[in-house]
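# Structural features, examined
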Amino acid sequence: MKKVSSIVSALALALGLTVALTPAANAACTGKLKIAYQGPLTGPEAALGLNELRGVQFAVKKSGLDIEVKEVDDQGDPAVAGPIAPSVPQDECVVALVGPAYSGASRVSLPVYLSAGLPIITPSATNPTLFTFGGKIFHRAVLTDDYQGPALARLITSKVKNAKVFLINDATDYSVGLAKLVDFTLGSRVVGKETTPQGTTDFTSTIAKIKKSKANVVAYTGYFSQAAVLVKQLRDSGSKAVFAAGDGVLDAQFVKLARKAAEGAILTAPAVPLEAADKKLAAEFTKTMGNAPGVYTTESYDAANFFIAAIKKGNKDRASILNYIKKNSHKGLSKTLKFDEQGEVAGVDVNGFVIKGGKIVLTGAIK
């Protein structure tokens, strides 16, 4: 294990990360077992994190087990995730973690969890490189951006005749990676590109470039809070360009913030809405949790239930739970979770969505 810690330390140093490593050997839990959830629970991206947290909480409520959910709020920000990650495995009763939700937060958290031997299943972090940071403890319940990027490009070209695309990223790990794949797939159809870092509130200069490029599609690969600001300013400028985006924007909060400006937006996600997966269960979820399910609620529910299945089989520590999810599969609502050697799940599609009548409408798998 000293060797693993050394490797992780070297990796963190090489990447310029400040990571406090936690020893893999931990005392036995003397209280209730805990499944942790890590994601943005406060801040501008909190809506997505709360969707996922409720999925985990719902799974635990229905399990019949006397276990707890530990909430880890990283605000979706690597700068926040880095300092708080070590405290998670220091709690000896945390035997598994659903998350982290975002790729940037995953990048700085995973080396800590690898050192501690804490098994994780992320329901939504889609950057393809994350196995590099998480190694044996890393598992992902969705397809990576290697699939979503080309799917977003295909959705655009299938919906917009003679598409001329202006591509915008927000400088985050997720956004930059997704944008590169969209760019590569679209090729000469991309007529302009721009980086607008998170926190940008004035898109005047970007919109001027969009108009000058004569783009009829604006493809944004960041997150919903900033996307809402962008699309409102785009519509206020008189632009009729189709607004397209990936799963970072696919949230009811985007529609709430952008209002009428969101109408007609086309979106992608390697996700299955709970209402589409099981309408009756979705109604039960809403009644039990006091909120309707959202994007990645289903995947979080499935991830938590895989860990719960391991616990029900008598696995009560990190090592045995990790071994269980590596050797077994779990038939979830979104898909069957069966992980390959790099923790990836296969055999599923990226779905398309449209904002219609103020609602997120599933249009089906993108072919």
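Presented here is a report on the structure given in the accompanying data block. Since the model is a prediction, treat every value here as computed from it, not as a measurement.

## Brief notes about the overall build of the chain
Looking only at helices and strands, the chain has 15 helices and 13 strands in total. The globule rule puts the C-alpha radius of gyration for 367 residues at 21 Å, and the 20 Å found for the chain is close to it. Projecting the C-alpha coordinates of the chain onto the three principal axes gives extents of approximately 65 × 50 × 35 Å. Each of the 367 residues in the chain was classed as buried or not, and the buried ones make up 56%. If you take every contact in the chain between residues at least 6 apart in sequence, the share linking residues at least 24 apart comes to 70%. Accessible surface computed for the chain: about 15,200 Å², of which carbon and sulfur atoms make up 53%. Of note, the chain has its 43 positive side-chain charges centred 5 Å away from the centre of its 31 negative side-chain charges.

## Some thoughts on the packing of aromatic side chains
Summed over the entire model, instances satisfying the criterion amount to eight aromatic pairs. Centroid distance Tyr220 to Phe243: 6.5 Å. Interplanar angle 25°. Geometry classified as stacked. Remark: Phe243 occurs in strand β8 (residues 242-245) and Tyr220 occurs in strand β7 (residues 217-220); sequence separation between them is 23 residues. The exposure class assigned to Tyr220 is buried, which follows from its relative accessible area of 0%.

## Considering the sheet that holds strand β4 (residues 120-121)
The four strands are arranged β2-β1-β3-β4 in an open sheet whose pairing can be described as parallel. The open sheet has two edge strands, β2 (68-73) and β4, and neither has a second partner. Here strand β1 (residues 34-39) runs beside β2; their pairing, made up of six bridges, is parallel. Paired with Gln38 across the two strands is Val72, which belongs to β2.

## Some details on the side chain of Asp91
Mapped onto the elements, Asp91 comes out in the loop between α4 (87-90) and β3 (94-98). Residues contacting Asp91, with those up to four places away along its chain left out, are Lys34, Lys70 and Arg318.

## Describing the side chain of Asp302
When you line up the elements, Asp302 lands in helix α14 (residues 297-312). Among the polar contacts listed, one links the side chain of Asp302 to the side chain of Ser334, at a separation of 2.6 Å. Setting aside anything within four residues of it in sequence, one finds Asp302 in contact with His330, Gly332, Leu333, Ser334, Lys335 and Leu337.

## Focus on the nonpolar core
Grouped together as the largest cluster of nonpolar side chains are 98 residues, with contacts concentrated most on Ile35, Val98, Ile121, Ile156, Phe243, Phe254 and Phe307. No other element matches the nine residues that α14 contributes to this core. Among residues more than four places away in sequence, those in contact with Ile156 are Ala163, Val165, Val217, Ala219, Ala244 and Ile266. Core analysis: the next-biggest nonpolar cluster, separate from the first, contains 18 residues, Leu97, Leu114, Ile120 and Ala125 among them.

## A word on the state of the cysteines
With the rule as written, the count across this model stands at one disulfide. The disulfide bridge from Cys29 ends at Cys93, spanning 2.0 Å between sulfur atoms. The sign of the 90° torsion about the S-S bond sets the Cys29-Cys93 disulfide as right-handed. Note that Cys29 is positioned in the loop between α1 (2-14) and β1 and Cys93 in the loop between α4 and β3, a separation of 64 residues in sequence. According to the relative accessible area criterion, Cys29 is partly exposed, its value standing at 23%. Overall, the relative accessible area of 7% leaves Cys93 in the buried class.

## Observations concerning the pairing of β1
The side chains of a regular strand alternate, first on one face of the sheet and then on the other. Burial analysis of β1 places six of its six residues in the buried class, the great majority of the element. Across the two faces of β1 the burial is the same, with Lys34, Ala36 and Gln38 and Ile35, Tyr37 and Gly39 all buried. Here β1 runs beside β3; their pairing, made up of four bridges, is parallel. Within β3, the position partnered with Ala36 by the bridge is Leu97.

## Structural notes on the packing of α14 against helix α15 (residues 318-327)
Where α14 meets α15, the closest approach of the two axes is 9 Å, and the angle between their N-to-C directions is 115°. The orientation of α14 with respect to α15, classified from their angle, is roughly perpendicular. Of the two elements, α14 crosses α15, and the hand of that crossing is right-handed. For the pair formed by α14 and α15, the contact residues are Phe306, Phe307, Ala309, Ala310 and Ile311 on the first element and Ile321, Tyr324 and Ile325 on the second.

## Describing the environment of Arg54
Within the secondary structure, Arg54 is located in helix α2 (residues 46-63). For the pair Arg54 and Gln253, spaced 199 residues apart in the sequence, the C-alpha separation amounts to 16 Å. Ignoring anything within four residues of it in the chain, the contact list for Arg54 reads Phe285, Met289 and Asn291. Engagement of the side chain of Arg54 in a polar contact is seen with the side chain of Asn291, the distance being 3.5 Å.

Rules behind the numbers
- Residues numbered from 1 in each chain as written.
- Predicted model: local features only at pLDDT ≥ 70, side-chain atom pairs only at ≥ 80, totals over all residues.
- Heavy atoms only, no water.
- Helix = DSSP H or I, 4+ residues; strand = E, 2+ residues; numbered from the N terminus.
- Rg over C-alpha atoms; globule rule 2.2 N^0.38 Å.
- Buried < 20%, exposed > 50% of the residue type's maximum accessible area, 1.4 Å probe, protein only.
- Contact = heavy atoms within 4.5 Å.
- Areas by Shrake-Rupley, 256 points an atom, 1.4 Å probe, with all protein chains shown as cover.
- Lys, Arg positive; Asp, Glu negative; His and termini not counted.
- Charge placed at Lys NZ, Arg CZ, Asp CG, Glu CD.
- Phe/Tyr/Trp six-rings, centres within 6.5 Å; stacked < 30°, edge-to-face > 60°.
- Pairing = 2+ DSSP bridges.
- Polar contact = N/O pair within 3.5 Å; in protein donor to acceptor, adjacent residues only side chain to side chain.
- Core = buried A, V, L, I, M, F, W, Y, C linked by side-chain atoms within 4.5 Å.
- Disulfide = S-S within 2.5 Å.
- Axes fitted to C-alpha atoms, helices over the stretch in contact; angles between N-to-C directions.
- Parallel < 35°, antiparallel > 145°, perpendicular 65-115°, else oblique.
- Left-handed = near helix turned anticlockwise from the far one by under 90°.

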